Amino acid sequence: MNLHEYQGKQILASHGVRVQRGIVANTAEEAVEAAKKLTDETGTGWHVIKAQIHAGGRGKGGGVKLAKNLDEVKDIAGQIIGMDLVTPQTPPTGKKVNKVLIAEDVYYPGESETSEIYMSVLLNRGKGRNMIMYSTEGGMDIEEVAEKTPHLIFTEEIDPAVGLQSFQARRIAFNLGLSGNAFKEMVKFAAALYKAYVESDASMFEINPVLKTSDDKILAVDAKVSLDDNALYRQKEYAEMRDITEENPIEVEAKEVGLNYVDLDGTVGCMVNGAGLAMATMDLIKYAGFEPANFLDVGGTADAKRVETAFRIILKDPNVKAILINIFGGIVRCDRVAQGVVDAYKNMGDSINVPIIVRLQGTNAEIAKELIDNSGMPILSATLFQEAADQVKAALS
């Protein structure tokens, strides 16, 4: 589950991480009131107006701007709220901005130069360890840094059984070239950031930039946070932060009815039971020369109602040109699934306007094939993987 910047900063602050302070606004008028309140609380004279969407690269897309007075706060907030913000991480049509974060200016002049640092915490799946990735070259061009100067990116691997050790936090500060109070601040910052990552059951914390201010404070200017969906049962406070307006509406609907669905860019809809078989089915479609339109795991129960629900969700994608149903009858009997497919097809009538290919293997597979072949419905049946692939190719040729 992805969070907005202001939500990620709430989690960080609750674990002792120093953050750039801000107030969320839904309208230009609210933005002005937020700016006034922020000035009273922090003394900031200028304000940063930040679009709140689930995507990075907002600055390059015009979603982050500086306001030097209240009139500019109102004008800029009015321009950003309601706009379709296009960034390298959004669809080509962009994402609509529904709210902005009014943040304090932390790039104030002082005794030393400010500097931007990149830092993230995530899981290194290959080694089964958490990892802090960091660089002195923080800011909007971090992707170019990773591509052109990878030697400027450091990693610190952490054994999850013992956590981040003091010497590791000091090594991070040393590799970033910090000294004096900034060094001490970074040691505290890294420890608090890792604690926030672990205790919130996050899958990623990305702070870009972490700022060393002109008076040697270390703080998070941004926060891109993703939480592990599977742990939300024990993070009920964070589960309430979910913003479904930022999510794919088809995926939201599928989740509400208990289907594991991920929207993709292809033309062949998939309905499968079991995640492993679903992945193999997607490979099968690609080997046949096409692209899967979705990942959909209907689970162990594939009765008529569930199959019909899955059909309706798949067909909400206008790019779907054919549907491949691939069911292994282990827990569920193939003949029941076949009857479910036939009944669902009858119930939906003309709303199914694409070819349906059904491959059933396992318990009562022969009976299932007879049911489909004798149903009188325009449903193609298959037994082998390759046969199913050939049926897909024939249907789309």
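Quantities reported herein were computed from a predicted structural model and do not represent experimental measurements.

1. Things to note about the pattern of salt bridges
- Using the criterion set out here, one finds 21 salt bridges in the structure.
- Residues Lys50 and Glu5 are paired through a salt bridge, measuring 2.9 Å at the closest nitrogen-oxygen approach. Separated by 45 residues along the polypeptide, Lys50 in strand S2 (residues 47-51) and Glu5 in helix H1 (residues 5-14) bring together distant segments of the chain. The same class applies to Lys50 as to Glu5, namely buried.
- One network of salt bridges, in which partners are shared, links Glu5, Lys9, Lys50, Arg58 and Asp222.

2. Comments concerning the pairing of strand S8 (residues 129-135)
- The buried fraction of S8 is high, at five of seven residues.
- Across seven bridges, the pairing between strand S7 (residues 115-124) and S8 is antiparallel. Bridge assignment links Ser120 to a residue of S8, and that residue is Met133.
- Adjacent in sequence and paired antiparallel, S7 and S8 are bridged by four residues, among which Gly128 carries a positive phi angle near 65 degrees.

3. Some words on the side chain of Glu308
- On the secondary structure map, Glu308 appears in helix H10 (residues 304-314).
- Judged by its relative accessible area of 16%, Glu308 falls in the buried class.
- A distance of 3.2 Å separates a polar atom in the side chain of Glu308 from a polar atom in the side chain of Asn347.
- Dropping the residues within four chain positions of it, Glu308 is found in contact with Ala344, Asn347 and Met348.

4. Looking at the sheet that holds S2
- As summarised here, the arrangement of the four strands in space is S1-S6-S2-S3, forming an open sheet in which the pairing is antiparallel. Of all strands in the sheet, those bounded by a partner on one side alone are strand S1 (22-25) and strand S3 (64-67). Geometrically, the sheet is characterised by an average inter-axis angle of 25 degrees between neighbouring strands, direction not taken into account.
- Bridge analysis of S2 against strand S6 (residues 100-104) gives five bridges, and the strand direction is antiparallel. Across the sheet, the residue bridging to Lys50 is Leu101, located in S6.
- Contacts between H1 and the sheet are confined to S1, S2 and S6, with S6 contributing the most and set at about 50 degrees to the helix.
- Each of S1, S2 and S6 is contacted by helix H2 (residues 28-42), which is oriented at about 25 degrees to S6, the strand it contacts most.

5. Regarding the UniProt feature "binding site: substrate" (unreviewed entry) in the chain
- Here the UniProt feature "binding site: substrate" (unreviewed entry) sits at Asn273, Gly330, Ile331 and Val332. The greatest C-alpha distance among the residues just named is 10.2 Å, despite their covering 60 residues of sequence, which places them together in space.
- Beyond its immediate stretch of four places on either side in the chain, Asn273 contacts Asp297, Val298, Gly299, Asn326, Ile327, Phe328 and Val332.
- Within polar-contact distance, the side chain of Asn273 engages the backbone oxygen of Phe328 at 2.9 Å.
- Its place among the elements puts Gly330 in the loop between strand S16 (322-329) and helix H11 (334-348).
- Among the residues examined, Gly330 registers a relative accessible area of 42% and is labelled partly exposed.

The rules we used
Residues numbered from 1 in each chain as written. Predicted model: local features only at pLDDT ≥ 70, side-chain atom pairs only at ≥ 80, totals over all residues. Heavy atoms only, no water. Salt bridge = Lys/Arg side-chain N within 4 Å of Asp/Glu carboxyl O. Helix = DSSP H or I, 4+ residues; strand = E, 2+ residues; numbered from the N terminus. Buried < 20%, exposed > 50% of the residue type's maximum accessible area, 1.4 Å probe, protein only. Pairing = 2+ DSSP bridges. Polar contact = N/O pair within 3.5 Å; in protein donor to acceptor, adjacent residues only side chain to side chain. Contact = heavy atoms within 4.5 Å. Axes fitted to C-alpha atoms, helices over the stretch in contact; angles between N-to-C directions. UniProt positions renumbered as here; feature names shortened; annotations may be inferred.

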